[in-house]
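Remarks on the overall topology
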Amino acid sequence: MPNTLPSPYPFPPPAHAPEPGQRMLDACFLGPYGENDTLLEKLVVEFLRDHVHWRRNFHPEDPPAIPTSAAQHPEYLALEARMRRELHQLSAALKQSVPFHSPRYIGHMASDLLLPGLAAQILALPYNPNNVSEDAAPITVQLEVLAGLQLARMFGYPSDPARPDCAFGHLTSGGTLANYQALRMALALKAFPVALRAAGVADIGVPGDDWQAFNLAPDAAIDLLVRWQDWLSTLGEGERRRWRARFQEQRLETLGMFEFFSRHPGLKVPQVLAPVTAHYSWSKGLKMLGLGRAQLRLVATRGMRMDAAALREALEQCERERQPVLMVVAVLGSTEYGTIDPVDAIVQARADVAARGLGFGIHVDAAWGGYLATLFRNPDGSLRGLDEVHAGYRDFPQPEVHAAFAALAETDSVTVDPHKLGYLPYGTGAFVCRDHRATALVSEQADYVFKQGDRDDYMTRYRQLGQFIPEGSKAGAAAAAVYVTHRVLPLDHANFGLMPRQTVLAAEAFQERAQRFADDMRGVVAATVPFPPDSNLVCLALNPHGNRDLAIANAFVRRLYDELRCDPQRPLQVKQFFSSITTLQRAMVGEAELHCILDALGIDPTTMHEDNDRLVILRHTLMNPHLIDHENGISYIDRYFEYLGTLLRGRTSP
Ligand SMILES: *Cc1c(COP(=O)(O)O)cnc(C)c1O
């Protein structure tokens, strides 16, 4: 077991000169050792006092309702004692929590929390704002709308509310719900022109038949929506109400899926095309919306990125079979592998099939990788070139990865999770759509005429947030955390980008170290990084030396993982490191690549068959900013591999 005390005690001198921004990073987190305890404590106490003063100064003439002598009463003391007892038990039990803050944790998508966000959330909690509307959250609902604009800017969407086509974003409980919102909005936009036709709205350029109406691209559907609203505004009050009611009656949102498609027998329920690597929230979402799981069509990947050729084939087949497509989902940072789909190629494929009459939306599921976009942005919001971004990395970004981020501006909506690579507390996902006018179609209020391109109007409209979001009541404190974090660390490479930079550097160091590990372990296990990482997740495939059977290799990795996962039965401190596992399926890597991987491991490809069609591998999420501890000259990546080596030698020796 490695000596846990740094040697020489107490601390060795810094091994490296800090790189620019490193000292800024020092103030960002509570730290693995709780290094910034005084800073956090100072902030929490300061703003808790501040909150109390606010209460006292509301109506200082009101006397204290709780008597000053209350704290001496036996009942008071008994309740306090009970409270303390329960809190102590909770606090004790929470010591079994997963040590996300530690650089020894490289399992799932969690790490330390950013201090500005944590402090803002703690600060805002006792005010308890409810972001369902401004009546319950005069301040934080505004911050949520502004946070949506901050995120929109990071993706290259228009973020100036004075522009009529400005983007709009809001927070959700997580990426899952943001994906539902994407589905809901895409469906509303798709079905809207069909409803206009059915309502008999004539002279505003409504498409000539149902198929065309159902195949307007989101942009064209929004244009039509604007023409419809303009036309309504030319009518008298009564006439307007009648037309709106006629339209309302034909909407999919009114009729439901069954009745809507019964009335339009030429149309099929639209499909969602997503890569095989897509998160399972897509399956849940299709069930939830009543589209049906069968409408989720999984597209093969190559090297864990969506295969653009396979997508084209699928789209062409849809066009031939007159199968409408609701949206194509591009994954920006797959949950299991961190890989980046070719957003640019997907945009191009859409342009090509649009010419043949198939129209649909493109949604980017960037729940994981969204904040990597900061690496590609200058402080003025402009895109950084490939060479600019590449400077300072060994491989990152692959040209395909740069092209994918550069094409984000041409997509329709994005999911991003501030509670993942945004390093914020749970309960913060986000949905962003490129053109806010689409929200008129998901609004609960029928009265959705709004002035175009008026900044004040934009803010006023979205202060009634509950009208537009899938949730109702929700934490304003969470919105405050996101907004303040983005203010302290603007979403560009020189500020927020400091964090993703560390993660990518760690991934490159990990990959290099894995190679050395593979060499050192020859004769004990065969080890390989099965595909080059696009970002900050790195996998490792293992097979005990001499074994050729896939099932045995998988069982071996699963047993190894027993040492690397959380085990509530054992004290936390006996754990050396935490990682996670996942599997590689044939449809994800491609046949040729799969053979290469099995070959590198010495596994006989014929042992992979229908009943056992996947390879179990270790998965490492390298998001902790302190994986390489420059201060003490420690690499937790090295230590992890040393530990793995010890475990494996112990296991495979006779
Ligand atoms: C994590 C993740 C989700 C789901 O997000 P939650 O916040 O867990 O609901 C969706 N898509 C991708 C790509 C993810 O990584």
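Note that the structure is a prediction, hence the values are computed from the model and not measured. (Residues numbered from 1 in each chain as written. Predicted model: local features only at pLDDT ≥ 70, side-chain atom pairs only at ≥ 80, totals over all residues. Heavy atoms only, no water.)

A closer look at the domain arrangement of the chain
The domain boundaries assigned to the chain delineate domain 1 (142-188 + 270-488) and domain 2 (498-649). On a C-alpha basis, the centres of domain 1 and domain 2 stand 30 Å from each other. Taken together, the contacts link 29 residues of domain 1 with 28 residues of domain 2. With both chains or domains summed, domain 1 and domain 2 bury close to 2400 Å², and 55% of this area falls on carbon and sulfur atoms. (Domains from an automatic or database assignment. Contact = heavy atoms within 4.5 Å. Buried area = accessible area lost by both parts, 1.4 Å probe.)

Digging into the sheet that holds strand β10 (residues 525-528)
With antiparallel pairing, four strands are arranged side by side in an open sheet as β10-β11-β13-β12. The sheet is open, and its two edges are formed by β10 and β12 (580-585), each paired on a single side. Strand-to-strand twist in this sheet, taken as the mean axis angle between neighbours without regard to direction, amounts to 35°. Note: β12 against strand β13 (residues 614-621), six bridges, orientation antiparallel. Within β13, the residue paired with T583 across the bridge is V616. Across the face of the sheet, helix α21 (residues 591-601) comes into contact with β10, β11 (537-544), β12 and β13 while running at roughly 145° to β10. (Pairing = 2+ DSSP bridges. Helix = DSSP H or I, 4+ residues; strand = E, 2+ residues; numbered from the N terminus. Axes fitted to C-alpha atoms, helices over the stretch in contact; angles between N-to-C directions.)

Focus on the packing of aromatic side chains
Given two aromatic rings, their pairing is described by the distance between the two centres and the angle made by the two planes. One pass over the full model with this rule turns up 26 aromatic pairs. R104 extends its terminal NZ or CZ atom over the ring of F577, reaching a point 5.1 Å from the ring centre. In this arrangement the basic side chain of R322 is found over the ring face of W211, its NZ or CZ atom lying 4.5 Å from the centre. (Phe/Tyr/Trp six-rings, centres within 6.5 Å; stacked < 30°, edge-to-face > 60°. Lys NZ or Arg CZ within 6 Å of the ring centre and 35° of its normal.)

Here we look at helix α8 (residues 218-233)
The end-to-end C-alpha distance of α8, which contains 16 residues, comes to 22 Å, matching closely the 22 Å that a straight helix rising 1.5 Å per residue would cover. Among all positions in α8, only P218, A221, I222, L224, L225, V226, W228, Q229, W231 and L232 are buried. (Expected span 1.5 Å × (residues − 1). Buried < 20%, exposed > 50% of the residue type's maximum accessible area, 1.4 Å probe, protein only.)

Describing empty space enclosed by the protein
Scanning the entire structure with this criterion turns up two cavities of 30 Å³ or more. By volume, the largest cavity is sized at about 230 Å³. In terms of residue count, the dominant contributor to the lining of the largest cavity is helix α6 (residues 175-198) (five residues). Classifying every residue of the lining of the largest cavity by side-chain character gives 16 nonpolar, four polar and five charged. (1 Å grid on protein atoms, 1.4 Å probe; cavity = no way out; pocket = protein on both sides within 12 Å on 5 of 7 lines; lining within 4 Å. Points joined across faces, edges and corners; volume = space filled by probe spheres on them. Nonpolar A, V, L, I, M, F, W, Y, C, P; charged D, E, K, R; others polar.)

Re the nonpolar core
W228 and L315 are the most contacted members of the largest nonpolar core, which has 140 residues in total. Take this core: its biggest share by element is 13 residues, from α6. For this core, the domains that each give at least three residues are domain 1 (142-188 + 270-488) and domain 2 (498-649). Within the second largest apolar cluster, 34 residues are counted, among which are V557, L622, I634 and L648. (Core = buried A, V, L, I, M, F, W, Y, C linked by side-chain atoms within 4.5 Å.)

What to know about the packing of helix α2 (residues 37-56) against helix α4 (residues 115-124)
In helix packing, the relevant descriptors are the interaxial angle and the interaxial distance, both defined with respect to the helix axes. The interhelical angle for the contact between α2 and α4, taken along N-to-C directions, is 25°, at an axis separation of 9 Å. Classed by the angle they form, the pair α2 and α4 counts as roughly parallel. With respect to the hand of their crossing, α2 and α4 are arranged in right-handed fashion. Where α2 abuts α4, its residues L39, L40, L43, V44 and F47 lie against L115, L118, A119, I122 and L123. Here the residues of the contact of α2 with α4 are counted per class, giving ten nonpolar, no polar and no charged. (Parallel < 35°, antiparallel > 145°, perpendicular 65-115°, else oblique. Left-handed = near helix turned anticlockwise from the far one by under 90°.)

Description of unusual backbone geometry
Cis rather than trans, the peptide bond between F396 and P397 has omega equal to -15°. Note that P397 resides in the loop between α14 (386-390) and α15 (399-406). For N128, which is not glycine, the phi dihedral falls at a positive 50°. Relative to the assigned elements, N128 resides in the loop between α4 and α5 (140-154).

Quick look at the sheet that holds strand β3 (residues 296-299)
In space, the seven strands of this open sheet follow the order β1-β9-β8-β7-β6-β2-β3, with mixed pairing throughout. Taken across any chain shown, the strands that pair with only one partner, and hence form the sheet edges, are β1 (168-172) and β3. Sheet twist, expressed as the mean angle between neighbouring strand axes with direction ignored, is 20°. Bridge count between strand β2 (residues 271-275) and strand β6 (residues 325-331): three bridges; the pairing is parallel. Note on β6: the bridge partner recorded for Q271 is V325. The sheet strands contacting α5 are β1, β8 (413-416) and β9 (429-433), and the helix crosses β1 at an angle near 115°.

Focus on the pattern of salt bridges
Between side chains of opposite charge, a pair can form as their charged atoms come close. This model, assessed by the stated rule, comprises 29 salt bridges. Between E239 and R242 there is a salt bridge, with its nearest N and O atoms 3.0 Å apart. With E239 and R242 both in helix α9 (residues 237-250), this residue pair falls three residues apart, about one helical turn. Take E239: its relative accessible area is 34%, and that puts it in the partly exposed class. (Salt bridge = Lys/Arg side-chain N within 4 Å of Asp/Glu carboxyl O.)

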